[in-house]
Amino acid sequence: MATSVDIVLKEESGIHRVSEPLSVGIPFAKGQHPAGTTFRVNDANGNSVPAAFKSLCHWPDGSVRWVLAEFLYSLPPHQTETLTVSEQPSPEASATGITQTPRGWAIETEAGDLLLHKGQPAWEFFGATSPIRTEAKLTSKDGLPCHPVSNGDWEIQHQNPVYAEASLSGHWMTADEARLADFSCRLRIYLQTGLANIEMQIHNPKRARHPGGLWDLGDEGSVYFGSLELITETGCPQEVKIQPDSLNVPEAAFTLRDFELYQESSGGENWNSLNHIDKNGGLTTLYRGYRLTSENALEHTGDRANPLLSLTGDGQPFQLAMPTFWQNFPSNIGYQKGKIIVGLFPTRPHNQSYELQGGERKTLHHLMAYANTSNLTWAYAPLCPRLAPEVYESTDAFLWFKANADKDALDTLIQEGLDGPSNFFQKREVIDEYGWRNFGDIFADHETLYQPPGEAPLISHYNNQYDAIYGFARQFALTGDRRWFELMDDLAKHVTDIDIYHTNEDRAEYNNGLFWHTDHYLPAHTATHRTFSRRNDTSSTPGQTGGGPAEEHCYSTGLLYHYYLTGCEESRQEVLALAKWMSKIHEGTNTLFESLIRIKRYDLPRLKAILQRAIVSPHTYLFTRGTGNYIQTLLDASTLAPEQGWLSQAEKVIQGTVHPNDNIEARDLLNVENSWSYLILLASISRYLTIKQQEGDFDYSYQYALTSFRHYTRWMLRHEEPFLTRPDHLEFPNHTWAAQDIRKAMLMHQAACFDPDHKEQYLTKAQDWMEYVTKTLRSSTETYLARIQIILLQNYGPHHPNSLKLPDNVLNPDLLEQLEANSPRLSIAALSARISKRLLTGLVNFRPDKEKAWLNARLER
């Protein structure tokens, strides 16, 4: 096994890059590097590159599993260079130059000193000339200034030879001392160059009221504000150079005393899409693209700005760039009387305000360079470090991963997602999936399938169904194509801000959960990314007119890999938060009210059936994708926080869902509309088995799950057929069902590994189903649709040859005999114990205020 890893840097945008900050997640094999190993980066000539390393995850034996490498690097246009990461024999040099002063933390860089003002979202840079001071400012919807109240002082989170990073959190108070919204600010400054990367987040922690399970704009839980800006005082008036599109038209530059560059809309052909409406349904975008004005005179117009601001003259050198400036419109950059204005949420014309829905947040960032060390144009086309796919394969970084496999029909279908006429980037243009609330999400164009010809596509958002983030991450690792990385990164940032319900004030089964995609075949209207709108008279689901986050729409594995590949801490936090949310949905919150309701809803009907001498299943979890998603999320959390018992919880769920001697016919799995998603549950059990086998842990829980998995896959061999074989049994018999059949093919490939006595039968069936799927989709007019593409991406991999081999005698014969002899039947004694446990748990945890809060959340008080 290689002791070093190569990082390939390829400059593809024609930009001369000087000291560009780079980061890359690197996987290592189990036992390859013990905990505490230090690493180094060297260039092609063997020269040391200053770098920082952060362990992201460890194997169960404590060895390093993933590490994040961070460094600065310079690269000429259109050049490719290879760096090498290897073990470092001596520890890294400790970072210095951070001191606490009466005014706040002082951070020393080679370009000057940065002061973080104590307890304030403000900082000041002291360089060769006059200081430059920046402060965050929020205004209310009436345009009145708000003031920040911090939760303490800046916290130094990272300190290493490359950068120092600090964060501050708090909330904004209005002029009449009402709490408006929360904030967090994270500032990273690079010690060698004086480059600062600033992230600013605004968050509404209140719950939405969602009457009737409808989540439209204008909800009582929303908050409204007028602007969020960063104001930088330059010390003295200077001339400013502004390049509206530094990436594509760098020669178009203006030197002005005062100006404003305002990105009003995406600048795309559909800039005035109904995707951009307010709570009243009114269009919010006023004109196409951006305008550059100076002293009220129009200087320049364009579609999509990638602005670069530079101070000229004798003052402190300074540059500013805002990545995703046009994508997250409205945005602005201005310079007025010695002050640089960065409009993260700029002041709107005609007294328009911004609405932040209950539990919604938005994070935006920009770059400030306090020295003439580089041109920040690279901020709009950053380098994308790549590892060879063999690195991911040899380290078991992804399950069922094969580097450099021959391309087949499935690869051709997937490539349509990048190169086809309706690829994922082009989908954004159709409904203008841009703006601060939309950018990064995927247009759910499959929802337009039954629209009348010629009708404008309805607005529909995808919300990461079937884990597009994971599919994008996996394809990036396989191919190194940066477009997959961009799709993954954009979507992950959108999901963690917009699609997750960031509140603790609603019912537990909603708090911090992931919202469903937009209601099937209906426009989103004013529900934005929250599924159900009062403007739709009916729902696509019969009998359902509303709802909230739910267990059947929870996808965390992509966020796990986004964290691995980028080190994004928000993605890590959301994986763990989703695991806690799913646990509360399935296990409850242990209130007495809830315990009594669960007894009435679940236990008493079973007691009645037992007394009537019916055979009652002992299983406590549903045989659906909701349980499958629960297991997947628990497995994700177990890799990040193994000490918290997530893996044991996953084993409990598996044993509470399946049994090696289940009466499968009673499950009614061939009732496709109601039962098809059992395939997702079986895939989660397969993943569990693979993880346990990687760890060499073949305990009782493994053997129970393996025996149960075989029981179901053997049934599939005998009974399953393509979903569209009986189209009259389907409500919408379209080719999404053909794509879903790929789940069966991949399960057969996995079963061939876990049940070798039937290997040839599994492989034959897998090949039949794979040929059916690819042949059907090759000739289909629906193949380009988002849902079909993402199903293929999510399930890619098990069809390639792999090294997974089941050890001999993995099953204990006595245990196998015992499991197969026992019938999964619920007894009165077991049910009585279950009821007693519920009651005891509710009584032990009884608190009047807790019970009241549980009840109020459900009565919409």
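Predicted model, so just to flag it, every value in this text is computed and none were measured. (Residues numbered from 1 in each chain as written. Predicted model: local features only at pLDDT ≥ 70, side-chain atom pairs only at ≥ 80, totals over all residues. Heavy atoms only, no water.)

A. Focus on the overall build of the protein. On a plain count of helices and strands, the protein comes out with 20 helices and 29 strands. Taken over C-alpha atoms, the radius of gyration comes to 28 Å for the protein, in line with the 29 Å a tight globule of 861 residues would show. The principal-axis extent of the C-alpha atoms belonging to the protein is close to 90 × 65 × 60 Å. The 861 residues of the protein split such that 60% are buried. Considering only contacts within the protein whose residues lie at least 6 apart along the sequence, 72% involve residues at least 24 apart. When the accessible surface of the protein is split by element, carbon and sulfur atoms take 49% of a total near 34,100 Å². Between the centroid of the 77 positive side chains of the protein and the centroid of its 105 negative side chains there is a distance of 6 Å. (Helix = DSSP H or I, 4+ residues; strand = E, 2+ residues; numbered from the N terminus. Rg over C-alpha atoms; globule rule 2.2 N^0.38 Å. Buried < 20%, exposed > 50% of the residue type's maximum accessible area, 1.4 Å probe, protein only. Contact = heavy atoms within 4.5 Å. Areas by Shrake-Rupley, 256 points an atom, 1.4 Å probe, with all protein chains shown as cover. Lys, Arg positive; Asp, Glu negative; His and termini not counted. Charge placed at Lys NZ, Arg CZ, Asp CG, Glu CD.)

B. Here's a closer look at the packing of helix H13 (residues 700-719) against helix H18 (residues 813-821). Contact pair H13 / H18: the axes reach a minimum separation of 11 Å and the direction vectors enclose 50°. As the angle between them shows, H13 and H18 are arranged oblique. Note that H13 runs across H18; the crossing there is right-handed. Along the contact surface, H13 presents Tyr700, Gln703, Tyr704 and Thr707, while H18 presents Leu815, Leu816 and Leu819. Here the contact of H13 with H18 is built from residues that sort into 5 nonpolar, 2 polar and no charged. (Axes fitted to C-alpha atoms, helices over the stretch in contact; angles between N-to-C directions. Parallel < 35°, antiparallel > 145°, perpendicular 65-115°, else oblique. Left-handed = near helix turned anticlockwise from the far one by under 90°. Nonpolar A, V, L, I, M, F, W, Y, C, P; charged D, E, K, R; others polar.)

C. Spatial organisation of the sheet that holds strand E2 (residues 17-27). With antiparallel pairing, the 3 strands of this open sheet are ordered in space as E2-E6-E5. In this open sheet, the two edge strands, each paired with only one partner strand, are E2 and strand E5 (51-58). Here the average twist between neighbouring strands, direction ignored, is 20°. Of the pairings in the sheet, the one linking E5 to strand E6 (residues 64-75) comprises 7 bridges and is antiparallel in character. Bridge pairing in E6 links Ser55 to Val67. (Pairing = 2+ DSSP bridges.)

D. A look at empty space enclosed by the protein. With the rule as written, the count across this model stands at 7 cavities of 30 Å³ or more. Here the largest cavity is characterised by a volume of approximately 490 Å³. Tyr470, Gln632, Ala683, Arg687 and Gln794 are, among the 23 residues lining the largest cavity, the residues nearest its centre. Elements with a minimum of two residues in the lining of the largest cavity: helix H4 (468-479), helix H6 (557-566), helix H9 (625-640), helix H12 (678-694) and helix H15 (742-754). (1 Å grid on protein atoms, 1.4 Å probe; cavity = no way out; pocket = protein on both sides within 12 Å on 5 of 7 lines; lining within 4 Å. Points joined across faces, edges and corners; volume = space filled by probe spheres on them.)

E. Quick look at the side chain of Thr776. When you line up the elements, Thr776 lands in helix H16 (residues 759-778). With residues up to four places along the chain from it excluded, the contact list for Thr776 reads His735 and Ala738.

F. Geometry of the environment of His729. Note that His729 resides in the loop between H13 and helix H14 (736-740). Remark: the alpha-carbon pair of His729 and Glu673, spanning 56 residues in sequence, is separated by 7.5 Å.

G. Layout of unusual backbone geometry. Cis geometry is adopted by the peptide bond preceding Pro330, which originates at Phe329 and carries an omega value of -5°. Summarising the element assignment, Pro330 is placed in the loop between strand E25 (319-321) and strand E26 (331-336). For Glu295, which is not a glycine, the phi torsion comes out positive at approximately 50°. Relative to the helices and strands, Glu295 is located in the loop between strand E22 (290-294) and strand E23 (297-302).

H. Just a positive patch on the surface, in detail. On the surface, a cluster of positive charge is made up of Lys580, Lys584, Arg847 and Lys850. Mapped onto the elements, Arg847 comes out in the loop between helix H19 (828-844) and helix H20 (848-859). (Patch = residues over 30% accessible without salt bridge, like charges linked within 9 Å, V, L, I, M, F, W, Y side chains within 5 Å. Salt bridge = Lys/Arg side-chain N within 4 Å of Asp/Glu carboxyl O.)

I. Broad picture of the sheet that holds strand E3 (residues 39-42). Strands sit in the order E1-E7-E3-E4 across an open sheet of 4 strands; the sheet is antiparallel. The open sheet has two edge strands, strand E1 (5-10) and strand E4 (48-49), and neither has a second partner. In the sheet, E3 pairs with E4 via 2 bridges, with the strands oriented antiparallel. Among the inter-strand pairings, Val41 is bridged to a residue of E4, identified as Val49.

J. The side chain of Arg507, seen in detail. When you line up the elements, Arg507 lands in the loop between helix H5 (482-499) and H6. Of the side chains with opposite charge, Asp506 comes closest to the buried, unpaired Arg507, at an N-O distance of 4.2 Å. The residues contacting Arg507, other than those within four sequence positions of it, are Ala857 and Arg858.

K. View of H9. If you check H9, its first and last C-alpha atoms are 23 Å apart, about what 16 residues at 1.5 Å a residue would give, namely 22 Å. For H9, the buried fraction is high: 16 of the 16 residues fall into the buried class. (Expected span 1.5 Å × (residues − 1).)

L. Expanded view of the pattern of salt bridges. Applying the stated rule across the entire model yields 39 salt bridges. Between Asp303 and Arg288 there is a salt bridge; the shortest N-O distance is 3.5 Å. A residue pair is termed long-range when its members are at least 10 positions apart, and Asp303 in the loop between E23 and strand E24 (308-311) and Arg288 in the loop between strand E21 (259-263) and E22 qualify at 15 residues. Asp303 gets classed as partly exposed once you look at its relative accessible area, which sits at 37%. Between Asp697 and Lys692 there is a salt bridge, and its shortest N-O distance comes to 3.0 Å. Residue class for Asp697 comes out partly exposed when judged on its relative accessible area of 27%. In the salt-bridge network here, residues are joined through shared partners; they are Glu70, Glu165, Arg186, Arg188, Glu199 and Glu570.

M. Just the packing of H4 against helix H17 (residues 786-794), in detail. Here H4 crosses H17 at 60°, and the two axes come no closer than 8 Å. As summarised for this structure, H4 and H17 are arranged oblique, according to the angle between their axes. Here the hand of the crossing between H4 and H17 comes out left-handed. Side by side, H4 and H17 meet where Ala468, Tyr470, Gly471, Phe472 and Gln475 of the first sit next to Ile790, Leu793 and Gln794 of the second. Residue composition of the contact of H4 with H17, grouped by class: 5 nonpolar, 3 polar and no charged.

N. Representation of the environment of Glu429 in the model. Along the chain, Glu429 falls in helix H3 (residues 424-431). By relative accessible area, which is 19% here, Glu429 ends up buried. In this structure the C-alpha to C-alpha distance between Glu429 and Ser273, which are 156 residues apart in sequence, comes to 9.8 Å. Residues contacting Glu429, with those up to four places away along its chain left out, are Gly268, Asn270, Arg304 and Tyr434. Of the polar contacts made by the side chain of Glu429, one reaches the side chain of Arg304; its length is 2.9 Å. (Polar contact = N/O pair within 3.5 Å; in protein donor to acceptor, adjacent residues only side chain to side chain.)

O. Representation of the nonpolar core in the model. Counting residues in hydrophobic clusters, the biggest one holds 141 residues, and the most contacted among them are Ile26, Phe71 and Phe472. Residue contacts for Phe71: discarding those within four places in its chain leaves Ile7, Leu9, Glu20, Pro21, Leu22, Val49, Pro50, Ala51, Leu83 and Val162. If you look at the next biggest cluster of nonpolar residues, it comprises 75 residues, including Val162, Ile202, Ile333 and Val342. (Core = buried A, V, L, I, M, F, W, Y, C linked by side-chain atoms within 4.5 Å.)

P. Focus on the pairing of E26. The buried fraction of E26 amounts to 5 of the 6 residues, a majority that puts the element mostly inside the structure. Examined bridge by bridge, E21 and E26 share 5 bridges and lie antiparallel to one another. Pairing of Leu261 across the sheet is with Ile333, part of E26. The turn linking E26 back onto strand E27 (residues 339-345) is made up of 2 residues, and Lys337 within it adopts a positive phi angle of 50°.

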